[in-house]
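Chain residues, written in single-letter form:
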Amino acid sequence: MPELFTLGPYAPTTRTGPAIWLRGVLAGVLPPGAEPPEWDERNQVSSRSVSPPVFYLPGYSRQELREVNTCPAALKPLVELQFRGVIWSQVNARDWTILAFLQSARGGLGLDVATDAETKSAMQGALTWLLDENLAALQGRRLEAIDFNQLVVADPVRDLLNWIDQEDAFHPHRSPEAWQAFVDITRTHYGIDPERASVLDGAAALAEHKGAWQQVWARFCEAPQRYTVIPDRIRRCTMPATDLFATATTHEGWPQWNDSQEAALRADLLALANLPPHSVRRRIVELEQQHSDRRRLVWAALDAAPLARALKPLAELAAATELSLAAGSIDDLVDGYQRSGWRADHAFLTALAAVKYPEDLAAVNAAANTLYLAWAEGAAHYLQQLVETTGYPSSRLEGVQGAPGQPGVCHLFVDGLRFDLAQRLVERLTAAGCSVTSRPRWAALPSVTATAKPAVTPVAHQIRGADATSEFDPMIAATRQSLKGGYTLHKLLEEAGWQVLTGEAAGDPTGSAWCEAGSIDAEGHSRGWRLVYHLVTLLDEIAERIQRLQAAGWHTIHVVADHGWLLFPGGLPKGDLPATLTENKWGRCAAIKPGSYTPARLYPWFWNPAQSFALADGVSCYRAGMEYAHGGLSLQECLTLALTVTAAKAPVRRSVTLTDVGWKGMRCSIAVEGDTSGLTADIRTHAGRPESSLAVTPKPFKETGVVSLVVEEVDLAGMQAVIVVLDAEGALIAQTPTILGGSS
């Protein structure tokens, strides 16, 4: 407003100055940095000026101008202007107040405003924010203190959580008006006065989350990682006494209760170490019923309930190991393992991955080893007995048949892709829209990479075994060149017309290719049982590699593995084999010296049946303390799953219509019409970029077709963004622009 000038200390750049300076402005004396609207040839305000100058006299009333004799000296130069100009006042000649201007329908805004002292104080503190507010947003309702305070504190729930979390660091970052508005809201709406109460009072109220605090608790649960100190604040509060009826519902807000439940569960699991398997199964089912509700609590999201999280896979392990595989023929063994047995391996790994600390690992191991070790040992012994009488099920012919290259077909080799991991990979690929078929395949013996990897290549028919070797490395039949190290094998593939894709190379999909991905086996040898923490990432990398190959034009990808493995925290059971009898002792297999006698079972080498080797009994290991090993004869090591992955299916397009978007502060309510099953909503700066999300967390739609999202950063209010609707795969279904904190 260029015609506005203010009475005050001399500051011409802001059009502010004393009374005599304002007279100079009116007289046409151009003050530095302040241009009057327009001047005529007599240096007077021109009649052609669009707007006359407006003088704002803060702190002075109309009455003070009228009483010339008592008028303050600083104001006297302007007294005569009341006769030459117009004083903007109410129709009753009284000075405007904030309340009068908001309420008056004659010259004011005509709003319905409460007149209590709290509302008057709140509107004064919110004046700066009030001036920028859209008039339509204030009309049609009664305005009270909470309405004005929320103009200053746009997200009081977030500020309340930040106050509890940050304590003394919260106040200094707020303006006096914002702090007072926060105090008023918190005192009125939540029953706590931040100027008198401590943050522990707030933490206790949050833990109880009664009344208005339910909303605060719900916000905390949406993104607990944002408030890292709050759990410790609650722990410093006195929790209500517990009794036999205390549950996850009555005490969900108290981390102390969850901590006590974890301690009790730890003791219960440790007590299972010396029980027989059937008793362990029964007890795990009871514990799962007792503790399963804790997995939905916020403390589980903060990794404070690892044992409750481990109970679910332990219960699955109990169910999967109840049926022994030690029965029937080898085909029966394969069928049982393929239908359900592999789930025991998966559940065992998942239970281990749920815990991080030694005391929790000991508790999980006490239960898991009792079930899993006996089950795996029984199946391995039975398989070894069957092989001794009927022979190993993998025929040499199956292993060495050459596979002619076909255009657009890529063979992807994954070292150590065990059967259960292959099943998890199938789930990932299927969820991504790929078509996947699978078939079981027996690994070459011994189940070590040197022997088993060449057996799954398309050039296996060009490979044979040496007359004597302690490293189990075969050679090229034509040249007798050893395949040790991998270079020779790649060269053999290239000479046979196969592209060898290394790194992220995509190759030429008009031909055929051999590709290697994943480092499961290397990670297992390096990390031992801690491999379980990295399996999700490793499988994601393999799935991504397959999808990139598909995107590059490869229409069919055969995923093959050389072998599986055994994993036990603390080490596999120790098996005995005198070192004097062996040329090379691996974890689960050993090359026997020529002419030596050993009571251990001997098996023919896949690449040269005239050569034999020893395999450890059951799931034992020739080396003490090995937590990860392979090379022996067990379902986990020898039965792999070969996958055939074809191009992604065309996505089924869903159709929904965004019908309503509304903002209250920084909370956005979204409504759609159509089938919302499996759909989620998000707020982003760029519709196609998930990493540009602004919402605390994307949320699924309710059955009614509505969802509510929160943008945590109030400073983003007014920024343009996009509301997106996504399907279960993250594909964009619908979108609409919006203004954060405003209207769409």
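Residues numbered from 1 in each chain as written. Predicted model: local features only at pLDDT ≥ 70, side-chain atom pairs only at ≥ 80, totals over all residues. Heavy atoms only, no water.

1. Quick notes on the overall build of the protein
Then, number 1: When you go through the protein residue by residue, the secondary structure sums to 26 helices and 26 strands.
Then, number 2: By the compact-globule yardstick of 27 Å for 744 residues, the protein is too spread out, its C-alpha radius of gyration being 38 Å.
Then, number 3: Each of the three principal axes of the protein carries a C-alpha extent, and together these read 130 × 65 × 50 Å.
Then, number 4: A buried classification covers 49% of the 744 residues belonging to the protein.
Then, number 5: For the protein, the share of sequence-separated contacts (at least 6 apart) that also reach a separation of at least 24 residues comes to 66%.
Then, number 6: Here the protein displays about 34,700 Å² of accessible surface, and carbon together with sulfur accounts for 52% of that area.
Then, number 7: Averaging the coordinates of the 65 positive side-chain charges in the protein and doing the same for the 82 negative ones gives two points 1 Å apart. (Helix = DSSP H or I, 4+ residues; strand = E, 2+ residues; numbered from the N terminus. Rg over C-alpha atoms; globule rule 2.2 N^0.38 Å. Buried < 20%, exposed > 50% of the residue type's maximum accessible area, 1.4 Å probe, protein only. Contact = heavy atoms within 4.5 Å. Areas by Shrake-Rupley, 256 points an atom, 1.4 Å probe, with all protein chains shown as cover. Lys, Arg positive; Asp, Glu negative; His and termini not counted. Charge placed at Lys NZ, Arg CZ, Asp CG, Glu CD.)

2. Remarks on the environment of Arg428
Then, number 1: By the secondary structure assignment, Arg428 is in helix α21 (residues 419-431).
Then, number 2: The partly exposed category is assigned to Arg428, whose relative accessible area is 24%.
Then, number 3: The spacing of Arg428 and Asp540 is 112 residues in sequence and 7.9 Å in space, taken between C-alpha atoms.
Then, number 4: Dropping the residues within four chain positions of it, Arg428 is found in contact with Val536, Leu539, Asp540 and Ala543.

3. Some points on the sheet that holds strand β21 (residues 667-673)
Two pairing modes exist for strands in a sheet, parallel and antiparallel, and in both the strands are linked by backbone hydrogen bonds.
Then, number 1: Spatial ordering of the open sheet is given by β20-β21-β24, a layout of three strands whose pairing is antiparallel. Of all the strands in the sheet, just β20 (657-664) and β24 (706-710) have a single pairing partner and so form its edges. For this sheet the average axis-to-axis angle between neighbouring strands, irrespective of direction, equals 20°. (Pairing = 2+ DSSP bridges. Axes fitted to C-alpha atoms, helices over the stretch in contact; angles between N-to-C directions.)

4. Focus: the nonpolar core
Then, number 1: In terms of nonpolar packing, the biggest core is built from 120 residues, with Leu269, Leu314, Leu417, Leu425 and Val559 touching the most fellow members.
Then, number 2: Apart from the residues lying within four places of it in its own chain, the contact partners of Val559 are Leu412, Val414, Leu417, Leu425, Ile546, Leu641, Ala642, Leu643 and Val645.
Then, number 3: Trp163, Phe182, Ala203 and Cys237 belong to the second-largest nonpolar core, a separate cluster that totals 33 residues. (Core = buried A, V, L, I, M, F, W, Y, C linked by side-chain atoms within 4.5 Å.)

5. Some remarks on the packing of aromatic side chains
Then, number 1: One pass over the full model with this rule turns up 27 aromatic pairs.
Then, number 2: Plain terms: the ring middles of Tyr10 and Trp21 are 6.2 Å apart, the flat faces sit at 75° to each other, and that makes the pair edge-to-face. Here the residue Tyr10 occupies a position in the loop between β1 (4-7) and β2 (16-17), and Trp21 occupies one in helix α1 (residues 19-27), the gap between them amounting to eleven residues.
Then, number 3: Judged by centre distance (5.2 Å) and plane angle (65°), the rings of Tyr337 and Phe419 are edge-to-face. (Phe/Tyr/Trp six-rings, centres within 6.5 Å; stacked < 30°, edge-to-face > 60°.)

6. Here we look at the sheet that holds β1
Then, number 1: Spatially, three strands are ordered β2-β1-β3 in an open sheet, and the strand pairing comes out parallel. The open sheet is flanked by β2 and β3 (54-56), the only strands paired with a single partner.
Then, number 2: Where β1 lies against β3, three bridges are found, and the strand directions are parallel. Bridging across to β3, Thr6 finds its partner in Tyr56.
Then, number 3: α1 contacts β1, β2 and β3 of the sheet and is inclined by roughly 155° relative to β1.

7. Describing the packing of helix α14 (residues 255-270) against helix α19 (residues 358-390)
Then, number 1: It is the contact of α14 with α19, at a shortest axis distance of 7 Å, that shows an interaxial angle of 40°. For the element pair α14 / α19, the angle class is oblique. Handedness of the α14/α19 crossing: left-handed. Judged by residue contacts, Arg266, Leu269 and Leu270 of α14 engage Glu359, Asp360, Ala362, Ala363, Ala366 and Ala367 from α19.
Then, number 2: A per-class count over the contact of α14 with α19 returns six nonpolar, no polar and three charged. (Parallel < 35°, antiparallel > 145°, perpendicular 65-115°, else oblique. Left-handed = near helix turned anticlockwise from the far one by under 90°. Nonpolar A, V, L, I, M, F, W, Y, C, P; charged D, E, K, R; others polar.)

8. Considerations on unusual backbone geometry
Then, number 1: Of note, the amide linkage connecting Leu445 to Pro446 takes the cis form, showing an omega dihedral of -5°.
Then, number 2: Looking at where Pro446 falls in the secondary structure, it is placed in the loop between β7 (435-442) and α22 (449-455).
Then, number 3: Here the phi dihedral of Arg15 falls at roughly 60°; this positive angle occurs in a residue that is not glycine.
Then, number 4: Along the polypeptide, Arg15 turns up in the loop between β1 and β2.
Then, number 5: In the Ramachandran plot, Glu167 falls in the positive-phi region, its phi being about 55° despite a non-glycine side chain.
Then, number 6: Positionally, Glu167 belongs in the loop between α9 (156-166) and α10 (176-190).
Then, number 7: What makes Glu167 partly exposed here is its relative accessible area of 32%.

9. Brief notes about the pairing of strand β12 (residues 556-561)
As a general feature of sheets, a regular strand has side chains that alternate between the two faces.
Then, number 1: Counting buried residues along β12, five of its six residues qualify, which places the element largely inside the surrounding structure.
Then, number 2: Relative to strand β19 (residues 639-646), β12 runs antiparallel, the two being bridged by four bridges. The partner of Ile557 across the bridge, within β19, is Val645.

10. With respect to the pattern of salt bridges
Then, number 1: All chains considered together, the criterion is met by 32 salt bridges.
Then, number 2: With a closest N to O distance of 3.0 Å, Glu80 and Arg23 form a salt bridge. Residue Glu80 is found in the loop between α2 (62-66) and α3 (81-84), and its partner Arg23 is found in helix α1; the two are separated by 57 residues along the sequence.
Then, number 3: You can call Arg23 partly exposed: its relative accessible area is 26%.
Then, number 4: Residues Lys574 and Asp576 are paired through a salt bridge, measuring 3.9 Å at the closest nitrogen-oxygen approach. (Salt bridge = Lys/Arg side-chain N within 4 Å of Asp/Glu carboxyl O.)

11. Here's the deal with the side chain of Thr556
Then, number 1: Relative to the helices and strands, Thr556 resides in strand β12.
Then, number 2: In contact with Thr556, not counting residues within four places along its chain, are Gly408, Val409, Cys410, Thr644, Val645 and Thr646.

12. Here's the deal with α19
Residues that lie three or four places apart on an α-helix share one face, since the helix turns once every 3.6 residues.
Then, number 1: Bending of α19 peaks at approximately 40° at the position of Ala368.
Then, number 2: Just past α19, the residue Gly391 takes up positive phi, approximately 95°. (Bend = angle between axes of the 7 residues up to and from the residue.)

13. Quick notes on the confidence of the model for the protein
Then, number 1: Put simply, the protein has an average pLDDT of 87, and 93% of its residues get 70 or more.
Then, number 2: Mean pLDDT across the elements of the protein bottoms out in helix α20 (residues 396-400) (44) and peaks in strand β13 (residues 566-567) (97).
Then, number 3: Predicted confidence is poor over residues 395-402, with pLDDT under 50, and the contacts of this stretch with residues over four places away or in other chains come to 17 contacts. (pLDDT = per-residue confidence, 0-100.)

14. Here we look at the side chain of Arg233
Then, number 1: In this structure, Arg233 sits in helix α13 (residues 230-235).
Then, number 2: Among residues more than four places away in sequence, those in contact with Arg233 are Ile164, Asp165, Gln166, Glu167, Val199, Leu200 and Ala203.

15. Brief notes about α10
Then, number 1: Between its first and last C-alpha, α10 extends 20 Å over 15 residues, near the 21 Å set by a 1.5 Å rise per residue.
Then, number 2: Among the residues making up α10, those that are buried are Ala178, Trp179, Ala181, Phe182, Val183, Asp184, Ile185, Thr186 and Tyr190.
Then, number 3: One or two residues past the end of α10 sits Gly191, with phi positive at roughly 75°. (Expected span 1.5 Å × (residues − 1).)

16. Side note on the state of the cysteines
Then, number 1: Per the counting criterion, the structure on display carries zero disulfides.
Then, number 2: Not part of a disulfide, Cys589 finds its nearest cysteine sulfur in Cys621, a span of 9.7 Å. (Disulfide = S-S within 2.5 Å.)

17. Here's the deal with the packing of helix α17 (residues 306-320) against helix α18 (residues 330-353)
Then, number 1: In contact at an axis separation of 8 Å, α17 and α18 are set at 155° when each is read in the N-to-C sense. With respect to their mutual orientation, α17 and α18 come out roughly antiparallel. For the crossing formed where α17 meets α18, the hand is left-handed. Residues Ala310, Pro313, Leu314, Glu316, Leu317 and Ala320 of α17 form the contact with α18, whose participating residues are Ser340, Arg343, Ala344, Ala347, Phe348, Thr350 and Ala351.
Then, number 2: Looking at the contact of α17 with α18, its residues break down into nine nonpolar, two polar and two charged.

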